[in-house]
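Overview (structure and organization)
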Amino acid sequence: QVQLVESGGGLVQPGGSLRLSCAASGSIFSINTMGWFRQAPGKQRDLVATITRGSNIIYADSVKGRFTISRDNDKNTVYLQMNSLKPEDTGVYYCKAARVYTGSYVSDYWGQGTQVTVSS
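One structure accompanies this document, and this report is about it. Predicted model, so just to flag it, every value in this text is computed and none were measured. (Residues numbered from 1 in each chain as written. Predicted model: local features only at pLDDT ≥ 70, side-chain atom pairs only at ≥ 80, totals over all residues. Heavy atoms only, no water.)

This part takes up the overall build of the chain. Check the secondary structure of the chain and you find zero helices and eleven strands. Of the regular secondary structure in the chain, the N- to C-terminal order runs β-β-β-β-β-β-β-β-β-β-β. Scaling as 2.2 N^0.38, a compact globule of 120 residues should have a C-alpha radius of gyration of about 14 Å, and the chain matches this with 14 Å. Each of the three principal axes of the chain carries a C-alpha extent, and together these read 50 × 25 × 20 Å. Residues counted as buried form 42% of the 120 residues belonging to the chain. Look at the contacts in the chain between residues 6 or more apart in sequence, and 53% of them connect residues 24 or more apart. Of the accessible surface of the chain, which amounts to about 6,400 Å², a share of 45% is contributed by carbon and sulfur atoms. With 12 positive and 8 negative side-chain charges, the chain shows a separation of 1 Å between the mean positions of the two kinds. (Helix = DSSP H or I, 4+ residues; strand = E, 2+ residues; numbered from the N terminus. Rg over C-alpha atoms; globule rule 2.2 N^0.38 Å. Buried < 20%, exposed > 50% of the residue type's maximum accessible area, 1.4 Å probe, protein only. Contact = heavy atoms within 4.5 Å. Areas by Shrake-Rupley, 256 points an atom, 1.4 Å probe, with all protein chains shown as cover. Lys, Arg positive; Asp, Glu negative; His and termini not counted. Charge placed at Lys NZ, Arg CZ, Asp CG, Glu CD.)

Structural data, given as structure tokens:
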């Protein structure tokens, strides 16, 4: 079984910064892509940023220049540095590990989410 544990959410004022972390554990041989998605109240879950094992990165247009995604392949951990936060960044941030190879099968996994609130 594979588990994803997120940390680093919280309440921050507009213009502030937060750093999210997501660690994957369990029977893992490799993880192709790790990423972050967010869901605002009453809205669908949208992509924020993803990073492949080879460090190919995709950002949502709304976060380009403000957020930075990175990963540590040895630790199966992905990070999201969020700067210049805006109220519209508020939501539950979910970590995803895609195409996780456990040695016998490949599957995708989600974390339980961490709340980020940007408000004065």
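Additional details are given in the paragraphs that follow.
Another aspect to go through is unusual backbone geometry. Among all residues save glycine, negative phi is the norm, and among peptide bonds the norm is trans. The phi angle at Asn-76 is positive, at roughly 50°, despite the residue not being glycine. With respect to the element layout, Asn-76 can be found in the loop between β7 (67-72) and β8 (77-82). We note that Ser-84 has phi near 50°; this positive angle belongs to a residue other than glycine. With respect to the secondary-structure elements, Ser-84 resides in the loop between β8 and β9 (91-101).

Attention now moves to a nonpolar patch on the surface. Among the surface-exposed residues, Phe-29, Tyr-101 and Val-106 lie close enough to one another that they form a single nonpolar patch of about 330 Å² accessible area. Within the element layout of this structure, Tyr-101 appears in strand β9. Among the residues examined, Tyr-101 registers a relative accessible area of 35% and is labelled partly exposed. (Patch = residues over 30% accessible without salt bridge, like charges linked within 9 Å, V, L, I, M, F, W, Y side chains within 5 Å. Salt bridge = Lys/Arg side-chain N within 4 Å of Asp/Glu carboxyl O.)

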